[in-house]
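# What the coordinates show
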Amino acid sequence: IYCWGSRISIYTGLPTIIGWEWHQRQQRWGYQWMVEERLRDADLLYRTTDAATGLGLLEKYGVRYVIVGQVERLYYPEPGLAKFERMPGLALAYDRLGVKIYQVGG
């Protein structure tokens, strides 16, 4: 079963920085270093409190939307998630029932 971290990509078809880890490893066996890099970067994006680091990662992967919902709150510390509120270049596109979606460049 796919993990819920990729739920938005699964249901919308929009790309994600990294999909289900084991599936990525199986399908990209010769590119383990790239899978590892994406795992680290996705984790850093949500953990860092530094807006410049976050913006650099969003740009690196061409991210258009950032999701902060129940799943993200379970896995990542609040200070890392709170930076999206004040990050330049992000606009709150959706805020309902504990889910916030930020549009990059919005």
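Residues numbered from 1 in each chain as written. Predicted model: local features only at pLDDT ≥ 70, side-chain atom pairs only at ≥ 80, totals over all residues. Heavy atoms only, no water.

### A closer look at the pattern of salt bridges
The full count for this structure, using the stated rule, is 4 salt bridges. Two residues, Lys60 and Glu37, come together in a salt bridge whose shortest N-O distance is 2.7 Å. One end of the pair, Lys60, is in helix α4 (residues 51–61); the other, Glu37, is in helix α3 (residues 32–47), and 23 residues separate them in sequence. In this structure, the salt-bridge partner of Lys60 is Asp41, at a minimum N-O distance of 2.8 Å. With a gap of 19 residues between them, Lys60 in helix α4 and Asp41 in helix α3 connect regions that are remote in the sequence. When its relative accessible area of 47% is taken as the criterion, Lys60 is described as partly exposed. When salt bridges with common partners are traced through the structure, they connect Glu37, Asp41 and Lys60 into a single cluster. (Salt bridge = Lys/Arg side-chain N within 4 Å of Asp/Glu carboxyl O. Helix = DSSP H or I, 4+ residues; strand = E, 2+ residues; numbered from the N terminus. Buried < 20%, exposed > 50% of the residue type's maximum accessible area, 1.4 Å probe, protein only.)

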